[in-house]
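Descriptive structure summary
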Amino acid sequence: MSTSSIASATASRLTIVALVAFAAITPMALLVAPALAAQLGAELAVGPSQIGTYFFVENGAFSAASLLGLFWLGRVNVHVVGMIALAVFVIGNLATALLLSDYATLLLLRAFTGFGGGTLMVLSMVSAQDADNPERVFGYWVVGQLVAGAIGLALLPHLFAGFGLKSFYLVLAILTLLLAPLYKGFRAPAASKAAGTRSATGSRFVLLAVLAVAAILAFYIAIGGVWTFASMAAEQAGFQAAHIGNILAIATLFGIAGAMIASFLGGRVVRRLMLLLGYAILVLSVVALAMLEGGPAYIAAICAFKFAWTFVLPFIIAEVASRDPSGRLVASTTMIIGTGLSLGPLFAGTMLEAAWSLQSVFIAAAACGLLSFACLLLSPRANP
């Protein structure tokens with residue numbers, strides 16, 4: 001192997017490690033949303049709508065970061081952007097832990113922090129754009145998030161019991177500092193420069209963009225709404241608070257399995273068939289969470305939900321990438337994901353405050369899942 005080939009292989013491995021690590025750290029609030037939501041309610045005495053607003057603000061900052069990403073991508077060195085984003089994310093988490101005094105202050109600090117985290121997520125997403133097997137790389141991307149989520153759900157109840165809410169943000173800041181050298185693995189996709197100088201206004205691209213955005217948005221609205229209030233569903237199923245974290249951690253292990261299977265199957269099977277299978281399991285599991293009663297039914301449904309979520313996601317992103325080879329849609333995917341993750345908890349919390357039952361909220365989430373699949377199925381290719 002030549003020296004250049006060895007360097008390229010090393011860079012590729014570093015890029016995969018970087019995108020997995022930072023994609024796991026930056027959305028940690030969502031990954032441990034059930035535990036974090038419960039602690040917010042207990043420590044700050046806030047209700048469902050305020051909890052939903054918290055996630056709306058933090059995840060909404062991801063969207064703002066992605067909008068700015070459309071400007072700097074292809075124009076500013078990704079390593080410079082990475083260092084700035086790392087500084088914002090670390091400072092924001094430290095400030096949250098040190099200045100946590102009331103709900104309004106928390107929202108302000110999480111908006112600042114979310115902007116840095118969202119930028120790191122953009123860098124992770126675009127670094128995978130030019131992969132030979134996008135399903136596999138995005139599968140690794142999801143696995144990293146789920147491993148972090150499983151560990152977080154298992155450990156956070158104990159951490160909260162001993163040190164309170166601030167401990168979550170301190171741990172995030174410390175972990176980010178330890179992982180900071182990995183920013184050298186960020187890569188700008190080859191399509192980014194072309195995308196920055198070329199505009200596409202054809203009717204096919206506009207229809208593709210609208211339907212692809214709607215598909216990812218509806219998917220994450222459903223995911224965010226269900227996962228944020230999964231602990232509430234567990235309580236209604238009869239589980240004690242001390243056991244809920246362990247159950248959700250087990251469900252996350254099923255999610256890891258889903259992403260790993262997607263990584264293994266990527267490039268080996270018909271993507272459309274995997275999309276159909278993944279969406280079917282997702283919708284049926286959410287309906288089961290809404291309709292079935294009792295502990296065993298809840299465990300089966302939440303494990304199936306987590307499996308389907310992570311199994312189908314790499315295929316969704318790869319499908320969008322295949323329909324627009326220029327990479328413009330994938331570069332903006334983080335913005336869409338952040339918006340969906342913001343709206344899901346907000347909508348669910350608002351509906352619960354408006355006297356909707358949790359079962360009705362989950363049925364609405366299942367309908368969003370069906371809408372997502374329909375939009376993805378109907379979206380055309382940018383260039384037939």
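What you see is a predicted model, and the numbers here were worked out from it, not measured in a lab.

Reading guide: rules and limits
- Residues numbered from 1 in each chain as written.
- Predicted model: local features only at pLDDT ≥ 70, side-chain atom pairs only at ≥ 80, totals over all residues.
- Heavy atoms only, no water.
- pLDDT = per-residue confidence, 0-100.
- Contact = heavy atoms within 4.5 Å.
- Helix = DSSP H or I, 4+ residues; strand = E, 2+ residues; numbered from the N terminus.
- Buried < 20%, exposed > 50% of the residue type's maximum accessible area, 1.4 Å probe, protein only.
- Phe/Tyr/Trp six-rings, centres within 6.5 Å; stacked < 30°, edge-to-face > 60°.
- Salt bridge = Lys/Arg side-chain N within 4 Å of Asp/Glu carboxyl O.
- Expected span 1.5 Å × (residues − 1).
- Patch = residues over 30% accessible without salt bridge, like charges linked within 9 Å, V, L, I, M, F, W, Y side chains within 5 Å.
- Areas by Shrake-Rupley, 256 points an atom, 1.4 Å probe, with all protein chains shown as cover.
- Axes fitted to C-alpha atoms, helices over the stretch in contact; angles between N-to-C directions.
- Parallel < 35°, antiparallel > 145°, perpendicular 65-115°, else oblique.
- Left-handed = near helix turned anticlockwise from the far one by under 90°.
- Nonpolar A, V, L, I, M, F, W, Y, C, P; charged D, E, K, R; others polar.
- Core = buried A, V, L, I, M, F, W, Y, C linked by side-chain atoms within 4.5 Å.

**Quick word on the confidence of the model for the protein**
- With 89% of its residues at a pLDDT of 70 or more, the protein has an overall mean of 83.
- Scored below 50 in pLDDT, residues 1–11 makes two contacts in the model with residues more than four places away or belonging to other chains.
- Contacts from residues 195–201, a stretch scored under 50 in pLDDT, to residues over four places away or in other chains number seven contacts.

**With respect to unusual backbone geometry**
- Within the chain, alanine 45 stands out as a residue other than glycine whose phi angle is a positive 55 degrees.
- In this fold, alanine 45 is placed in the loop between helix H3 (33–44) and helix H4 (48–72).
- Looking at alanine 45, the relative accessible area reads 63%, which means it is exposed.
- One non-glycine residue, alanine 355, lies in the positive phi region at around 75 degrees.

**Observations concerning the packing of aromatic side chains**
- Enumeration over the complete set of coordinates arrives at twelve aromatic pairs.
- Ring plane angle 40 degrees and centroid distance 5.4 Å describe the contact between phenylalanine 22 and phenylalanine 186, whose orientation is recorded as tilted. With phenylalanine 22 in helix H1 (residues 3–25) and phenylalanine 186 in the loop between helix H8 (166–179) and helix H9 (191–197), the pair connects residues that are 164 residues apart, well separated along the chain.
- Geometrically, the ring pair formed by phenylalanine 311 and phenylalanine 315 is tilted, given 5.4 Å between the ring centres and 55 degrees between the ring planes. Here phenylalanine 315 and phenylalanine 311 lie together in helix H14 (residues 295–323), a separation of four residues that amounts to about one turn.
- Clustering of aromatic rings is evident, with ring pairs tying together Phe219, Tyr220, Tyr279 and Phe373.

**Looking at the pattern of salt bridges**
- In this structure the tally under the stated criterion is three salt bridges.
- Across the pair glutamate 319 and arginine 271 runs a salt bridge, and its minimum N-O distance is 3.1 Å. Linking glutamate 319 in helix H14 with arginine 271 in helix H13 (residues 271–291), this pair joins segments that are 48 residues apart in sequence.
- Between arginine 272 and glutamate 319 there is a salt bridge; the shortest N-O distance is 3.8 Å. On the criterion of sequence distance, the pair formed by arginine 272 in helix H13 and glutamate 319 in helix H14 is long-range, its members being 47 residues apart.
- Under the relative-accessibility criterion, arginine 272 is labelled partly exposed at 41%.
- Owing to a relative accessible area of 4%, glutamate 319 belongs among the buried residues under this scheme.
- One network of salt bridges, with partners in common, ties together Arg271, Arg272 and Glu319.

**Things to note about the environment of leucine 108**
- Residue placement: leucine 108 occurs in helix H6 (residues 103–127).
- Linking leucine 108 and threonine 96, residues twelve residues apart in sequence, is a C-alpha distance of 9.2 Å.

**What to know about helix H16 (residues 333–353)**
- For H16, spanning 21 residues, the distance from its first C-alpha to its last is 30 Å, which sits close to the expected 30 Å at 1.5 Å a residue.
- Where burial is concerned, most of H16 is hidden: 15 out of the 21 residues are buried.
- Positive phi appears at alanine 355, one or two residues downstream of H16, with a value of about 75 degrees.

**Examining a nonpolar patch on the surface**
- A surface patch of nonpolar side chains, amounting to about 320 Å² of accessible area, comprises Val76, Val80, Met83 and Ile84.
- Position of valine 80 relative to the elements: it lies in helix H5 (residues 78–99).

**Describing the environment of alanine 222**
- By the secondary structure assignment, alanine 222 is in helix H10 (residues 203–228).
- Residues alanine 222 and leucine 343 lie 121 residues apart in sequence; the distance between their C-alpha atoms is 9.2 Å.
- Residues contacting alanine 222, with those up to four places away along its chain left out, are Ala365, Cys368 and Gly369.

**Regarding the side chain of threonine 119**
- Among the secondary structure elements, threonine 119 is positioned in helix H6.
- Discounting residues that sit within four places of it in the chain, threonine 119 has contacts with Ala65, Trp72, Val81 and Ala85.

**Regarding the packing of H5 against H8**
- Between H5 and H8, the shortest axis-to-axis distance is 8 Å and the interhelical angle comes to 155 degrees. Judged by the angle between their axes, H5 and H8 are roughly antiparallel. For the element pair H5 and H8, the recorded crossing hand is left-handed. Residues Leu86, Phe89, Val90, Asn93, Leu94, Thr96 and Ala97 of H5 touch H8, and the partners they reach there are Lys166, Tyr169, Leu170, Leu172, Ala173, Thr176 and Leu177.
- Residue classes in the contact of H5 with H8 are distributed as ten nonpolar, three polar and one charged.

**What about the side chain of serine 263?**
- Structurally, serine 263 can be placed in helix H12 (residues 241–265).
- Exposure remark for serine 263: the relative accessible area of 5% places this residue in the buried category.

**Focus on the nonpolar core**
- Counting residues in hydrophobic clusters, the biggest one holds 122 residues, and the most contacted among them are Leu36, Trp141, Phe219, Trp227, Tyr298 and Ile302.
- In terms of residue count, H14 provides more of this core than any other element does, 14 residues in total.
- Other than its neighbours up to four places away in sequence, isoleucine 302 contacts Trp227, Ala230, Ile247, Leu248, Ala251 and Leu289.

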